[in-house]
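Report on the structure
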Amino acid sequence: MDLDTTERASSRRSLLSLGGIVAAGTAVALASSTSAAAAPDKPTDADRVALNAALRLELAVRDLYQQAAGELDGDVAQLASVVAKNHESYAQAISGAIGTSANQRNEDVFNAQRSLFAVSDAQAFGAAARTLENIAVATHTESLANYESIDAIELTASIITTESRQAVVFTSLAGFASNLDEMLSNSVAPLELSGGAA
């Protein structure tokens, strides 16, 4: 699994506003083969497979932040702990939507990133967390266009919004607070996930 960044740049500006997310969800529904009015409310079987992969990604991200919280001190350790809880909440929300337990993380993602989160330096942690949040945002955004149900689209859009905001916080912590392009752009490629494994 390749977690390197690519030159595919997308703006976070449109994702940071609720209006942008609603517009994106509407565009996805209109572009799909099923009309928005005929789209199912609950996740379809295909949605459940993709959402299960998203759930496993969120659990891996949670565990990376929990690891970092044990290495860091003070406010930065508290930040890592809070963001870990956020990702746990995303996993639980996905779990509730698809009716499965949230208990199996994506080991490939965790193992690929774990050394980057074994740091005590706040700026190094910020850089690693910024990349991780951007990976999650890019991956969820890629999946958004393939969901068939309203619930899957709305749930994923809400996760994207929060993770985009977290990425901005970590970009600032990494030392880019005065660089608007760095603060509002995402140049990483989405992960290719499957329901059972990465």
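Treat the numbers as computed from the prediction; the structure is a model and nothing was measured. (Residues numbered from 1 in each chain as written. Predicted model: local features only at pLDDT ≥ 70, side-chain atom pairs only at ≥ 80, totals over all residues. Heavy atoms only, no water.)

Some points on helix H3 (residues 74-98)
The first and last C-alpha atoms of H3 sit 37 Å apart over 25 residues, in line with the 36 Å expected at 1.5 Å per residue. Those residues of H3 that sit buried are Val76, Ala77, Ala80, Val83, Ala84, His87, Tyr90, Ala91, Ile94, Ser95 and Ile98. Contacts from the buried residues of H3 go to helix H2 (45-71), helix H5 (122-144) and helix H6 (150-176). Phi turns positive, to about 75°, at Gly99, one or two residues after H3. (Helix = DSSP H or I, 4+ residues; strand = E, 2+ residues; numbered from the N terminus. Expected span 1.5 Å × (residues − 1). Buried < 20%, exposed > 50% of the residue type's maximum accessible area, 1.4 Å probe, protein only. Contact = heavy atoms within 4.5 Å.)

Notes on the nonpolar core
Among the nonpolar cores identified, the biggest contains 25 residues, and Tyr65, Leu72, Phe117 and Phe125 are the most heavily contacted of them. Taken together, the elements giving at least two residues each to this core come down to H2, H3, helix H4 (107-113) and H5. What Leu72 contacts, discounting residues up to four positions off in sequence, is Ala77, Ala80, Val119, Ser120, Asp121, Ala122 and Phe125. Within the second largest apolar cluster, 17 residues are counted, among which are Ala54, Ile94, Tyr147 and Leu155. (Core = buried A, V, L, I, M, F, W, Y, C linked by side-chain atoms within 4.5 Å.)

Some details on the side chain of Glu58
You can see Glu58 is positioned in helix H2. No salt bridge is formed by the buried Glu58; its nearest oppositely charged neighbour, Arg62, is found at 9.0 Å. The residues contacting Glu58, other than those within four sequence positions of it, are His87, Tyr90, Ala91, Ile94, His140, Ile159 and Glu163. (Lys, Arg positive; Asp, Glu negative; His and termini not counted. Salt bridge = Lys/Arg side-chain N within 4 Å of Asp/Glu carboxyl O.)

A word on the packing of H2 against H3
Relative orientation of the contacting elements H2 and H3 amounts to 160°, with a least axis distance of 8 Å. Considering the angle they form, H2 stands roughly antiparallel to H3. For the element pair H2 and H3, the recorded crossing hand is left-handed. Per-class residue counts for the contact of H2 with H3 are 16 nonpolar, 5 polar and 4 charged. (Axes fitted to C-alpha atoms, helices over the stretch in contact; angles between N-to-C directions. Parallel < 35°, antiparallel > 145°, perpendicular 65-115°, else oblique. Left-handed = near helix turned anticlockwise from the far one by under 90°. Nonpolar A, V, L, I, M, F, W, Y, C, P; charged D, E, K, R; others polar.)

A look at the pattern of salt bridges
Per the counting criterion, the structure on display carries 6 salt bridges. Taking the shortest distance from any N to any O, the salt bridge between Asp63 and Arg105 comes out at 2.9 Å. Placement of the pair is Asp63 in helix H2 and Arg105 in the loop between H3 and H4, with a sequence separation of 42 residues. Owing to a relative accessible area of 12%, Asp63 belongs among the buried residues under this scheme. Across the pair Arg105 and Glu107 runs a salt bridge whose closest N-O atoms are separated by 2.9 Å. According to the relative accessible area criterion, Glu107 is partly exposed, its value standing at 36%.

Overview of the confidence of the model for the protein chain
In this model, the protein chain carries a mean pLDDT of 84, and residues with pLDDT of at least 70 account for 78%. Scored below 50 in pLDDT, residues 13-19 shows 15 contacts in the model against residues more than four places distant or in partner chains. Every residue in residues 29-34 scores below 50 in pLDDT, and together they form 5 contacts with partners more than four places removed in sequence or on other chains. (pLDDT = per-residue confidence, 0-100.)

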